[in-house]
Amino acid sequence: MLRAIGLAAAALGRTSPNPVVGCVLLGPDGSPVGEGFHRGAGQPHAEVEALAVAGARARGATAVVTLEPCAHQGHTGPCADALLRAGVARVVYAVPDPNPHAAGGARRLREAGVEVVPEVLRAEAERGNELWLTAVRAARPCVTWKFGGSLDGRSAAPDGTSRWITGQRAREDVHALRAAHDAVLVGSGTLRADDPHLGLRHAVSGRPPLRVVLDRAGAVPSHARVLDDAAPTMVVIGRGAPRPRLPRRHEVLEVPVVDGDLDIRALAGELYERGVRSVLLEGGARLAAAFAAAGLLDRVVAYVAPLLLGAGGRPVLDDLGIRTLDDALRLRLDEVSRVGEDVRLVLRARPLPGEPV
C-alpha cells in the first residue's frame, strides 16, 4: 500500500477534478506483476494502468489500491468491472470513495465473489489524497493558506519591506507547493503591492495552477504580471463592477458583494463547479483572515524565518475578532521540517478520517 500511495503522489496537481490514485498488482505468490497511477482527467485510472502492465498475470492477483475502485461510467469505464474482467481474486483498498456518483465498487466486487479488504493504511492514504478528499466531502475546494513570516509573526518590516523574509530554499519549496494545487489566490492589495506572477519557477514542472485575483472594483492593472501567457488567470469582481478587459485566455467572474466584500463562499462554490479541488491562498493578511473567519481554511503551510521584527512589523494575519483564548482557532500540527535556514510547519484545521482525534 505504501508503494501505491507513493505512485499516486506522482500526479499531485494534475488530475482534477479527479483524485490521485495508485495501484499495485501482486501475483498469487505475492510478487509484483503490475502497477500504475491515474495521470489526469480523461486518462486511464490507476487500476486500468496496472492491469495493462500485468496482462494475463492479473488472473488470481491481489489489487492494492489507495481509493475504493469506482463503479460508475465516466470518461472511462468502471474500475470494478475492469478488475472483474481481468480475474483479480482479491482487492485491498485504503479509502472509501466519498463521491456518491463513483462509490459502490467494493460492493460490486464482493457480490461477484472477490475478497475485499477495506481501509488498509487509511490514514496514510488520506493524507496523500487530502486535497481531493477534503474538497469532495465539503463540496468546495480544499483551501491551504501559505505564508512566510518572522518568528514573531510578521510578514513585513515597519517600513513595508518584505523581500526576502524567508530564504531561497523556502521560496523554491513554495513553487512545488503551488504545483500541487489547482489554483493560487491573492487579493488586489497583494497584487498592487507586489505584482506577483504566481507561476511555476525554480525548475518545478507540472501544470501551472489557475491564477485567481480578487479585485472587487474590477481595477486590475493591464500590465499586471498575472495577465501574461504563462497560465490562465481569473479576475473575480463584485457583481455590477466594471468588467476589466483581459487577454483572451483569461476570465472575469462576478460574485455577490456581502457587507462590502466579495462573497468568498460563493466564490468557493464557483471554483468547485469549474473543477477546482484545491486552492493555495498566498496573500495577504486580510484575505487570510476572511477565509479563516468564514470557516473555509483547511490547511496552513507556514515558513518561519529566524528573525524578529517587533510590534511595528506587519502581521501575517488580520484581526479575527477573537477576544479570549477559549475562542482561538486551534490547528493540529502535522509536519515540522527545516528548509534551508527556515522552518516549515504544516498544520490542519481538523483531523482526517482514520487519524486519532
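Residues numbered from 1 in each chain as written. Predicted model: local features only at pLDDT ≥ 70, side-chain atom pairs only at ≥ 80, totals over all residues. Heavy atoms only, no water.

Turning our eyes to something else, we now look at the side chain of Asp-298. Summarising the element assignment, Asp-298 is placed in the loop between α10 (285-293) and β15 (299-305). A polar contact is formed between the side chain of Asp-298 and the side chain of Arg-350, at a distance of 2.7 Å. Filtering out sequence-adjacent residues up to four positions away, Asp-298 remains in contact with Thr-134, Arg-140, Pro-141, Cys-142, Val-143, Leu-347, Arg-348, Ala-349 and Arg-350. (Helix = DSSP H or I, 4+ residues; strand = E, 2+ residues; numbered from the N terminus. Polar contact = N/O pair within 3.5 Å; in protein donor to acceptor, adjacent residues only side chain to side chain. Contact = heavy atoms within 4.5 Å.)

With that settled, the discussion passes to the pattern of salt bridges. According to the stated counting rule, one finds 26 salt bridges in the structure shown. Ionic pairing is found between Arg-39 and Glu-49, a salt bridge with its closest N-O pair at 2.7 Å. You can see Arg-39 sitting in the loop between β2 (32-37) and α2 (46-54) and its partner Glu-49 sitting in helix α2, a full 10 residues away along the chain. Residue classification places Glu-49 among the buried residues on the basis of a relative accessible area of 18%. A salt bridge links Glu-126 to Arg-122; the shortest N-O distance between them is 3.1 Å. Of this pair, Glu-126 and Arg-122 both sit in helix α5 (residues 122-128), separated by four residues, roughly a single helical turn. Residue Glu-126 shares its accessibility class with Arg-122, and that shared class is buried. (Salt bridge = Lys/Arg side-chain N within 4 Å of Asp/Glu carboxyl O. Buried < 20%, exposed > 50% of the residue type's maximum accessible area, 1.4 Å probe, protein only.)

Turning next to the side chain of Thr-166. For Thr-166, the position within the fold is in the loop between β7 (154-156) and α7 (168-179). For Thr-166, a relative accessible area of 13% puts it in the buried group. Dropping the residues within four chain positions of it, Thr-166 is found in contact with Gly-148, Gly-149, Arg-171, Tyr-303, Ala-305 and Asp-342.

All right, on to the sheet that holds strand β8 (residues 183-187) then. Spatially, β11-β10-β9-β8-β14-β6-β15-β18-β17 is the arrangement adopted by the nine strands of the open sheet, whose pairing is mixed. One side of each edge strand has no neighbouring strand; the edge strands of this open sheet are β11 (251-255) and β17 (332-339). The average undirected angle you get between the axes of adjacent strands in this sheet is 20°. Sheet topology note: the β8/strand β9 (residues 210-214) ladder contains five bridges and is parallel. Considered in β9, the bridge of Val-186 is made with Val-213. (Pairing = 2+ DSSP bridges. Axes fitted to C-alpha atoms, helices over the stretch in contact; angles between N-to-C directions.)

For the coordinates displayed, the defined rule picks out zero disulfides. Among the cysteines around Cys-23, which has no disulfide bond, Cys-79 carries the closest sulfur, lying 8.5 Å off. Not engaged in a disulfide, the cysteine Cys-79 finds its nearest cysteine sulfur in Cys-70; these two sulfurs lie 3.7 Å apart. (Disulfide = S-S within 2.5 Å.)

For the rest of this paragraph, the subject is empty space enclosed by the protein. Considering all chains together, one arrives at four cavities of 30 Å³ or more under this definition. The calculated volume of the largest cavity comes to roughly 120 Å³. Lining the largest cavity are 15 residues, and of these Gly-13, Thr-15, Ser-16, Leu-131 and Trp-132 sit closest to its centre. Across the lining of the largest cavity, the residue classes tally to six nonpolar, six polar and three charged. What the second largest cavity holds in volume is close to 70 Å³. The wall of the second largest cavity is formed by Ile-5, Ala-8, Ala-9, Val-20, Thr-66, Val-95, Ala-125, Gly-128 and Asn-129. (1 Å grid on protein atoms, 1.4 Å probe; cavity = no way out; pocket = protein on both sides within 12 Å on 5 of 7 lines; lining within 4 Å. Points joined across faces, edges and corners; volume = space filled by probe spheres on them. Nonpolar A, V, L, I, M, F, W, Y, C, P; charged D, E, K, R; others polar.)

Time to look at the environment of Asp-228. Assignment of secondary structure puts Asp-228 in the loop between β9 and β10 (233-238). At 3.0 Å, the side chain of Asp-228 and the side chain of Arg-211 are in polar contact.

Before going further, it helps to examine the layout of surface pockets. Approximately 520 Å³ is the volume found for the second largest pocket. Surrounding the second largest pocket, 29 residues form its lining, Asn-18, Pro-19, His-72, Asn-99 and Ala-102 being those nearest its centre. Of all elements in the fold, only α2 and α6 (130-138) reach the threshold of two or more residues within the lining of the second largest pocket. In the lining of the second largest pocket, the residues fall into 14 nonpolar, 11 polar and four charged.

Before going further, it helps to spend a moment on α6. Among the nine residues in α6, seven count as buried, and that is most of the element. All of the buried residues along α6 are Glu-130, Leu-131, Trp-132, Leu-133, Thr-134, Ala-135 and Val-136. Just downstream of α6 lies Ala-139, where phi reads positive at about 55°.

As a packed pair, α2 and helix α3 (residues 79-86) sit with axes 9 Å apart at the nearest point and diverge in direction by 20°. Judged on the interaxial angle alone, α3 and α2 are roughly parallel. Like other packed secondary-structure pairs, α2 and α3 cross with a definite hand, here left-handed. Counting all contacts with α2, which are made through Glu-47, Val-48 and Leu-51, the residues of α3 involved are Cys-79, Ala-82, Leu-83 and Ala-86. Class assignment of the residues belonging to the contact of α2 with α3 gives a composition of six nonpolar, no polar and one charged. (Parallel < 35°, antiparallel > 145°, perpendicular 65-115°, else oblique. Left-handed = near helix turned anticlockwise from the far one by under 90°.)

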